[in-house]
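Tertiary structure, described
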Amino acid sequence: MSSKERVLLQGVPHYVVHKTRDGSPIFRTTVDFNYCERQLLELRREYEVEIHAWCLLPGEVHLLITPTGRATEVSRFMKGLSCRTALFFKKIHGEESPWESRFLSTPVQPSQWVLTIMRMIELLPVTRGLVQKINQYAHSSLRMRCEKTQTSWLDDPEEYLRLGTNRDERRFAYREYLRLGNNPKEVDFIVNAVTRGLVTGSDRFIREVAEKYGERVYGRPRGRPRKRPSQDGEHPPGGDSEE
């Protein structure tokens, strides 16, 4: 597997990040953000891709998506999103697109890792210092997921659906999971994986992917996300099914 090849897996979630050069903002106004959000919905309909979580930052797009058709739908989806937002940026601001030429991605084992990355993505506005409270940020999937008044077109993964028997139960359980906050070691592991194009998951899952590609596709440390206890001693929602 050359340094330019991607590890893309059909039917497996992928954490995808696209950044601009030097952090230059491509989303400068509410109009820019809203246009990109509309493109996410349109491209979801156009390609065989499910969108589980998303967050738009001024110079970055973070997505958790699953290609339900061919694995290459991830690349086609991202190419479409980059091209459309670049053309819109030039039309509105009269400048060339600041997007980097390649997006970053890591396949994610269907397990507790899915919820871990969902939480990490939807907490980004707070961890980056853009807002103090997550519900103050309008340009992510959080409001769709957690607010009753919002219409949601999200494709909830199985890990999220197992949080409760109905939408209200899942919403409450996920809010509690968000309240626990990110585990810094897990975030470091995920950032390393997506930056280097590695795989996120258990040793067993990573070995299976490595055997398919004929090479190692992981860095160390490996393993699974630690289930952090809540204040009442219970584990956070979403049992791990790695083994």
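Quick summary incoming for the structure in this document.

The rules behind these values
- Residues numbered from 1 in each chain as written.
- Predicted model: local features only at pLDDT ≥ 70, side-chain atom pairs only at ≥ 80, totals over all residues.
- Heavy atoms only, no water.
- Phe/Tyr/Trp six-rings, centres within 6.5 Å; stacked < 30°, edge-to-face > 60°.
- Helix = DSSP H or I, 4+ residues; strand = E, 2+ residues; numbered from the N terminus.
- Buried < 20%, exposed > 50% of the residue type's maximum accessible area, 1.4 Å probe, protein only.
- Lys NZ or Arg CZ within 6 Å of the ring centre and 35° of its normal.
- Pairing = 2+ DSSP bridges.
- Expected span 1.5 Å × (residues − 1).
- Arc of directions from axis to C-beta.
- Contact = heavy atoms within 4.5 Å.
- Polar contact = N/O pair within 3.5 Å; in protein donor to acceptor, adjacent residues only side chain to side chain.

**Some points on the packing of aromatic side chains**
Under the defined criterion, the tally for this structure stands at seven aromatic pairs. A centroid spacing of 4.0 Å and a plane angle of 5° characterise the contact between Tyr35 and Phe88, whose relative ring orientation is stacked. Of this pair, Tyr35 sits in helix α1 (residues 30-46) while Phe88 sits in helix α2 (residues 73-93), placing them 53 residues apart in sequence. Judged by relative accessible area, Tyr35 falls into the buried class, the value being 16%. A relative accessible area of 15% means that Phe88 is categorised as buried. Ring geometry for Trp54 and Trp153: centres 6.3 Å apart, planes at 0°, overall stacked. Here Trp153 lies in the loop between α5 (142-146) and α6 (158-161) and Trp54 lies in strand β2 (residues 49-57), a separation of 99 residues in the sequence. As far as the burial class goes, Trp54 and Trp153 line up, both buried. Counting every residue linked through ring pairs, the aromatic cluster contains Phe27, Phe33 and Trp99. The ring of Phe103 carries Arg6 above its face, with NZ or CZ at 3.6 Å from the centroid. Across from the ring centre of Tyr160, 5.3 Å away, lies the NZ or CZ of Arg145, which sits over that ring.

**Comments concerning the pairing of strand β1 (residues 14-19)**
Among the six residues in β1, five count as buried, and that is most of the element. Sheet topology places β1 next to strand β3 (residues 60-67); six bridges connect them, and they run antiparallel. Bridge pairing in β3 links His14 to Ile65.

**Brief notes about helix α8 (residues 184-196)**
Between its first and last C-alpha atoms α8 spans 18 Å; for 13 residues at 1.5 Å apiece the expected length is 18 Å, and the two agree. Taken residue by residue, α8 has Glu186, Phe189, Ile190, Ala193 and Val194 as its buried positions. Buried residues in α8, looked at end-on, bunch into an arc of 125°, giving them a common side. In α8, the exposed residues that point more than 90 degrees away from the buried face are Pro184, Lys185, Asp188 and Arg196. Where α8 is buried, its residues meet β1, β4 (104-107) and α3 (112-122). Regarding α8, its N-cap is Asn183, as a side-chain oxygen of that residue lies 2.9 Å from the backbone nitrogen of Lys185 further along. Residue Gly197 follows α8 closely and has a positive phi angle near 70°.

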